[in-house]
Structures are given as C-alpha cells and as structure tokens.
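Working through the structure, step by step
The residues making up each chain are set out below.
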Amino acid sequence: MTETPTVPDLASATTVTAAVPLPRDRPCPFAPPDGYRELRERSPVSRLQLADGTVGWLLTRDEDVRAMLVDPRMSAQNRTLTSHVRVLTPDLVARSIRRASLLSMDAPEHSRQRRLLTVSFTARRMRRLTPWIERVVEEHLDAMISRGSPADLVPAFALPIPSLVICELLGVPYAERAEFQDRAHTLVSVGIPPAESVRAGEELEGYLGQLLLRKRAEPADDLLSELARPDGRAGGLPDGELARLSTLLLIAGHETTANMIGLGALMLLEHPARYAALRDGPAVVERTVEELLRYLSVVHLGVTRQATEELTIGGQRISAGELVVGSLAAANHDPERFAEPAELDPDRVRVPHLAFGYGAHQCLGQQLARVELAAAFGGLARRLPGLRLAVPAEQVPLRHEMLIYGVDELPVAW
Ligand code: HEM
C-alpha cells in the first residue's frame, strides 16, 4: 500500500481523519465492506486516498450522497468513472474523457441528450414490455431446464436475458453479441491494464458507429434507427456523440442487470424462505426486487463527481477541483435511513434507496431493470422451486475487481 498522503489543512466542522483507501474487505459477500460502517460512524465525510495517491473525499451517509448528487456545483465532467480506484496515464485519461457520454456530462448538454431518451424509457412503456420480457425469461428457463441439471445460471440465464432485451430495444443484432459482450465485460473491469479497458470502449463505440450507419440506410422499428434518422429527435447530434450514447445504453443496460440477477439469485438461494415467498405473487416479487437492489448495491465502487467551486457537504468544506466519491452501497446501509440495514427484509417500510443513483444522472433504465428483475426472480422461483447451489456458497467467485459487483458464474442444480 502507498504511504498515507498528507491531508490539506482545511477548516472544517467535522472530524477529518487521515486518508483511507476505498474499503474493499467483505466478510459478507452481499453487504458492503465493513470499513464503511466505521467510517460512517467516525467521519461520514472522510478523506479518501485515490488510486494515484492524491486525496479526495468519501461520503458514506445517505443524506450526504443525495446532497452531492443534486448539487449543480458537483460536476460529472472531466473525470473518469474509475479515477478513484485505478491510475490512468494522462493519455488514457484524455482518451476516456474524449469518449465521455451522458454519464459524464453536465447541464445543459446533459439535459438535452437525456431528453432524447427519456420518452423511450418511461415506466408506462416499460410496463407494456412486461409480457414480452416474461416470455424471454420463460424461453431461457425452458432451454436451461431441457438441457438438465446442473447449470451455470450466469451464461444460461442472468446474462442473456438483459442482453437480449437491450439488444431488441436498441436494434442491435443479438447474433452479433460476440462483438460487444466481451468488450463490455472488459470495459467495466478494474483489475486489468487500463489501456485494455479504454481500448474496449473505443472498439465498442466503433461497432455502434457502424451499426448506426446501417440503421440510417435501412431503418427498422428500434431505438437506434430512431436516433440515426437525420430528421428524427436526435437530428443534429454528431455521429460520434450518437455512437457514444448508444454504447452507454448497450453497456449500462446489461452488465448491471445481469449482475443483479446473478448475485440476487445467489442471495435468495442463501435465504430459502425469501426465495419460496416469491411464489406468493407479484407484490412480494416487487418488494423483494427493491430490497435486493438496496442490499446488494451492485454499483459498489460508488459514483464520482468533482467540485467546481468550494462548497460544504455534511458540514465539511470541500475545495474546488476535489474529487468526491458517493458510496451508494454505504448510503444504502445507512441506519439513519434504513432500520436494521443488515437485514434482508422485503417487508420493511419502503424508503427510496440509492441503487440507481439520484438527481440529474439517476438511472435512465431503472424501470426496465425493475421489470427484468421481477420477471427473472419470479420466473425462477415458479419454475424451479427446488433450485439450489451446486457448490458451497464460499466457492462462488465474486467480482471484486469490476465496476459492477456480482458473479461471473453461479453453478446451480434442481
Ligand atoms: C439493476 C440494474 C441497474 C443499476 C443498479 C443501475 C445503476 C445506475 C446508476 C447508479 C446510475 C447513476 C450513475 C451516476 O450518477 O454517476 C445509472 C445511470 C444510468 N443507467 Fe443504469 N442501472 C441499471 C440498469 C440500467 C439499464 C437496464 C439501463 C438501460 C438502458 C441503464 C441505463 C443507464 C443510463 C443511460 C445511465 C446514465 C444516465 C445519465 O447520466 O443521465 N441502466 N445507472
């Protein structure tokens, strides 16, 4: 570990501790690392040692993370999504920032591009997709069951469902998934040489750029064709921007949901009463999905912003230019917000969680994700009530080194 950097002498209203690296140790594979609890109690706005040895801030309380995410002085621009956990050379930083899309934009450009998409992802529209998504789930269950027990739930179920759904919505040929699944996986890997993941992002963008041209020549009834139309709602947006936006939709749409299905299934199999209760109907499924989203918080490395001017969060003064990380996982286990946060309790009094973020960048695909998760968990419990792990839970490898936490394989039997 690198030496603890010197902490700038900032006047503050709360105790400032020495900078710590982002907590990583997880005694429980489902709950956030223990270190967050201690930080929240001792110094909820704490100094954070960034990957390159410089110092930023870490927020662990729900209230502070929300404050950061609605503050227009906290910019999403000019930082990479992983600058707190990995070191990029200046060249790679420049390449990442050049590739920035919606996620890394501020108003007014962010609002303009987001408006182009919101109409396609409304709750009403997503509810209308429910029967089709349920059919996709059934087909994958049929195929998995007919191949027989045991199976790996990730390639058989957790990954293809969200992947196929987002492909259909965008109009990306699912048969071309070899073009993007591996690259999407590489793009969200933290533990590989950064150049590889930056390159994967550029290649994905190249693939989607070509696909947009194909859609412009031969439009179909899908979102990419709509975006590619010169006289359509995205008319005027340069092709490069369109390709970046499409890349974001493709990646954000499947890595997150796939890992929620995989890790959520693992947690449910470790809590058999909760798994069995899913057969009690859609209301229980919906509540369980919400509780799993809170509990597992798969965007586990948090969301980052940069202060554009001096400001105060949680009584702590933050200087212009400093990087701030809001831990969604820590906030979702904040006892000030959630009674008994370490309990998996779908019946808890419903309090909005932060698994989908908050504010201007709050997840655009959250209603789609909810429909997919409900169909996936509901379908599994109904068709495979006797589902169980095929290996001891401790042997299931967990994705610590990825931007999105979860499992890459999940051996199950029935
Ligand atoms: C369980 C599944 C999902 C989780 C946990 C999740 C989580 C998140 C979070 C935390 C953010 C905010 C990031 C920030 O503030 O920096 C976000 C943004 C976003 N998500 Fe999701 N997401 C999920 C599924 C999806 C799906 C299915 C789509 C489909 C298109 C999607 C598309 C997006 C987009 C486009 C943004 C950027 C919005 C913006 O910057 O305005 N997500 N997501």
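Description of the structure in this document.

**Thoughts on the coordination of the iron atom of the ligand**
- Protein coordination of the iron atom of the ligand rests on one atom only, C363 (SG), at 2.3 Å.
- In this fold, C363 is placed in the loop between helix 16 (328–331) and helix 17 (366–383).

**A short note on the layout of surface pockets**
- As a volume, the largest pocket reaches approximately 600 Å³.
- Contributing to the lining of the largest pocket are 24 residues, with T130, R370, V371, A374 and A375 lying nearest its centre.
- Every element with two or more residues in the lining of the largest pocket is listed here: helix 5 (123–128), helix 6 (130–147), helix 15 (282–296) and helix 17.
- The element that contributes the greatest number of residues to the lining of the largest pocket is helix 17, accounting for 8 residues.
- Along the lines of polarity and charge, the residues of the lining of the largest pocket split into 10 nonpolar, 5 polar and 9 charged.

**A look at a positive patch on the surface**
- A cluster of like positive charges, contributed by R124, R125, R127 and R128, occupies part of the molecular surface.
- Mapped onto the fold, R127 is located in helix 5.
- Given the relative accessible area of 53%, R127 is considered exposed.

**Some points on the pattern of salt bridges**
- Summed over the entire model, instances satisfying the criterion amount to 28 salt bridges.
- We note a salt bridge from D62 to R66, for which the minimum N-O separation is 3.0 Å. In this pair, D62 and R66 are both assigned in helix 2 (residues 62–70), 4 residues apart and thus about one turn of the helix distant. Note on accessibility: D62 and R66 belong to one class, buried.

**Focus on the site of the ligand**
- Surveying the vicinity of the ligand reveals 28 residues, the closest of which are H110, R114, R305, H361 and C363.
- Residue H110 places a side-chain N or O atom 2.7 Å away from an oxygen atom belonging to the ligand.
- Between R305 and the ligand, the recorded distance is 2.8 Å, taken from a side-chain N or O atom to an oxygen atom.
- Of all the secondary structure elements, the ones that give two or more residues to the shell around the ligand are helix 4 (109–118), helix 12 (239–252), helix 13 (255–270) and strand 5 (303–307).
- Looking at side-chain class alone, the shell around the ligand contains 19 nonpolar, 7 polar and 2 charged residues.

**So, the sheet that holds strand 9 (residues 388–389)**
- Pairing is antiparallel across the open sheet formed by 3 strands, whose spatial order is 4-10-9. Where the open sheet ends on each side, the last strands, each with one partner, are strand 4 (151–152) and strand 9.
- Where strand 4 lies against strand 10 (residues 411–413), 2 bridges are found, and the strand directions are antiparallel. Across the sheet, the residue bridging to D152 is P411, located in strand 10.

Reading the values: rules and limits
Residues numbered from 1 in each chain as written. Predicted model: local features only at pLDDT ≥ 70, side-chain atom pairs only at ≥ 80, totals over all residues. Heavy atoms only, no water. Donors = N, O, S within 2.8 Å, 3.2 Å for Na, K, Ca; no water. Helix = DSSP H or I, 4+ residues; strand = E, 2+ residues; numbered from the N terminus. 1 Å grid on protein atoms, 1.4 Å probe; cavity = no way out; pocket = protein on both sides within 12 Å on 5 of 7 lines; lining within 4 Å. Points joined across faces, edges and corners; volume = space filled by probe spheres on them. Nonpolar A, V, L, I, M, F, W, Y, C, P; charged D, E, K, R; others polar. Patch = residues over 30% accessible without salt bridge, like charges linked within 9 Å, V, L, I, M, F, W, Y side chains within 5 Å. Areas by Shrake-Rupley, 256 points an atom, 1.4 Å probe, with all protein chains shown as cover. Salt bridge = Lys/Arg side-chain N within 4 Å of Asp/Glu carboxyl O. Lys, Arg positive; Asp, Glu negative; His and termini not counted. Charge placed at Lys NZ, Arg CZ, Asp CG, Glu CD. Buried < 20%, exposed > 50% of the residue type's maximum accessible area, 1.4 Å probe, protein only. Near = heavy atom within 4 Å. Polar contact = N/O pair within 3.5 Å; in protein donor to acceptor, adjacent residues only side chain to side chain. Pairing = 2+ DSSP bridges.

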